[in-house]
Amino acid sequence: MKFYPLTVLDVIDETDSARSFVLEPQADSAEHFHYKAGQFLTFRVPWNDAEDGFLDRCYSLSSAPETSEHMKVTVKREQGGRVSNWFNDTVKAGDVIDVAAPSGRFVLKGNDKPLALFAAGSGITPVLSIIKSTLAGGAKSIRLFYANRDKENVIFHQELDALCNQHSDILRCHHHLDSDSGFVNPDIIKPQCGDAEHYVCGPGPFMDIVEDALADFGVKDSEIHIERFTTLEDASSSDVKTKAPSDVTGFRATLDFDDHDVVYEPDQTLLESMLSAGLDPAHSCKNGKCGSCMVLMKDGEVEMHSNKVLSKRDLEKGYVLLCQSVPMSKNVWVDCDE
């Protein structure tokens with residue numbers, strides 16, 4: 001992954017525990033930072049105690065390319081989170097940070113279906129980007145369900161209110177506050193479901209509740225889009241790495257609707273072998289924290305070094321992370337297009 005220096009143009013206080021950072025690439029790297037609403041940036045932060053001297057973290061863009069002159073990410077403090085607290089405590093306008101090109105598949109689909117958006121806490125960040133992009137593109141109906149502990153923790157409250165007032169004919173926002181209404185449960189979620197593209201982002205337990213409610217309501221898997229980041233910022237892969245059987249020498253990968261027979265390199269993950277073969281499947285952090293390299297297992301068996309982002313339902317459906325998976329049988333086939 002290649003990183004480029006970006007300049008922090010401005011720092012915006014959103015809540016007591018969240019700040020937004022306005023970023024600008026240098027002229028010679030600007031072409032690498034075209035992005036779609038809902039995507040994220042990967043930051044590389046120098047850190048003395050880190051194994052290789054750096055910590056990589058992914059943060060979603062809260063800006064939208066159609067409405068924002070500059071990119072903006074929003075970072076909420078996490079208890080014990082080294083990088084999230086570093087951002088909120090030390091980063092200031094004029095600083096230069098190393099950033100990789102935008103990535104992520106939590107983006108708008110090319111159809112006219114209404115949007116049903118579900119966010120909790122800082123999960124509103126890519127969802128707000130999607131809202132702004134959609135409003136700039138036409139009259140598609142949008143309904144947002146946004147959960148927080150209390151009113152003081154609602155990120156973008158004023159911005160959301162302004163958008164709802166300006167687009168009251170197509171944008172509806174339902175704020176759920178645990179302090180007033182108790183914790184979110186499936187009965188609260190189901191009335192928000194319907195004939196729409198459903199987008200979900202937030203803490204793991206919240207996303208599990210929403211995903212289960214959508215399934216119970218009968219929403220198709222193809223109409224559910226989930227952005228998963230590990231909730232434990234400093235989680236790492238296991239020190240014990242699974243090794244593939246010695247007779248496994250290759251696997252099949254479907255990418256861009258073509259099937260490829262990939263040579264498996266010993267002691268590598270599926271992602272590393274695909275990159276060695278000149279293939280470039282969607283990926284970002286390479287350490288199982290962002291879910292960008294989630295693919296569908298069509299056949300065979302793999303083991304993952306670590307899994308901090310895939311839910312029980314993801315695993316039941318057959319999804320795995322390329323960056324953490326090692327083939328355990330000769331007939332492994334992964335579909336990167338699903």
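In what follows, the structure referred to is the one given above.
Conventions we followed
- Residues numbered from 1 in each chain as written.
- Predicted model: local features only at pLDDT ≥ 70, side-chain atom pairs only at ≥ 80, totals over all residues.
- Heavy atoms only, no water.
- Pairing = 2+ DSSP bridges.
- Helix = DSSP H or I, 4+ residues; strand = E, 2+ residues; numbered from the N terminus.
- Axes fitted to C-alpha atoms, helices over the stretch in contact; angles between N-to-C directions.
- Contact = heavy atoms within 4.5 Å.
- Polar contact = N/O pair within 3.5 Å; in protein donor to acceptor, adjacent residues only side chain to side chain.
- Buried < 20%, exposed > 50% of the residue type's maximum accessible area, 1.4 Å probe, protein only.
- Arc of directions from axis to C-beta.

A.B. asks: Account for the sheet that holds strand β9 (residues 171-177), with residues named and values stated.
C.D. replies: The parallel open sheet is built from 5 strands, whose spatial order is β9-β8-β7-β10-β11. Where the open sheet ends on each side, the last strands, each with one partner, are β9 and β11 (224-227). Sheet twist, expressed as the mean angle between neighbouring strand axes with direction ignored, is 15°. Bridge count for strand β7 (residues 115-120) against strand β8 (residues 142-148) is 6 bridges, and the pairing is parallel.

A.B. asks: So, the sheet that holds strand β6 (residues 96-100): which residues are in play, and what are the values?
C.D. replies: Taken together, 6 strands build an open sheet; the order of strands is β4-β3-β6-β1-β2-β5 and the sheet is antiparallel. Each of the sheet's edge strands pairs with one partner strand only, and the pair in question is β4 (54-60) and β5 (71-76). If you compare each strand with its neighbour and ignore which way they point, the axes differ by 40° on average. When strand β3 (residues 40-46) meets β6, the two strands line up antiparallel, connected through 2 bridges. Paired with R44 across the bridge in β6 is D98.

A.B. asks: Could you give an account of the side chain of E197, with specific residues and numbers?
C.D. replies: Along the chain, E197 falls in strand β10 (residues 197-201). Not counting the four nearest positions on each side in its chain, E197 is found in contact with K109, N111, K113, P114, L115, A116, S222, E223 and H225.

A.B. asks: Would you mind going over the side chain of H176 in detail, with residue names and values included?
C.D. replies: When you line up the elements, H176 lands in strand β9. A distance of 3.5 Å separates polar atoms of two side chains, one belonging to H176 and the other to D178. The residues contacting H176, other than those within four sequence positions of it, are F145, Y146, A147, N148, S181, G182, F183, V184 and I188.

A.B. asks: Any chance you could break down helix α3 (residues 157-166) for me, citing the residues and the numbers?
C.D. replies: Where α3 is concerned, the buried positions are L160, L163 and C164. Buried positions in α3, seen along its axis, are confined to an arc of 100° and lie on one side of it. Turned more than 90 degrees away from the buried face of α3 sit Q158, N165 and Q166, all of them exposed. Where α3 is buried, its residues touch α2 (124-137), β8 and β9.

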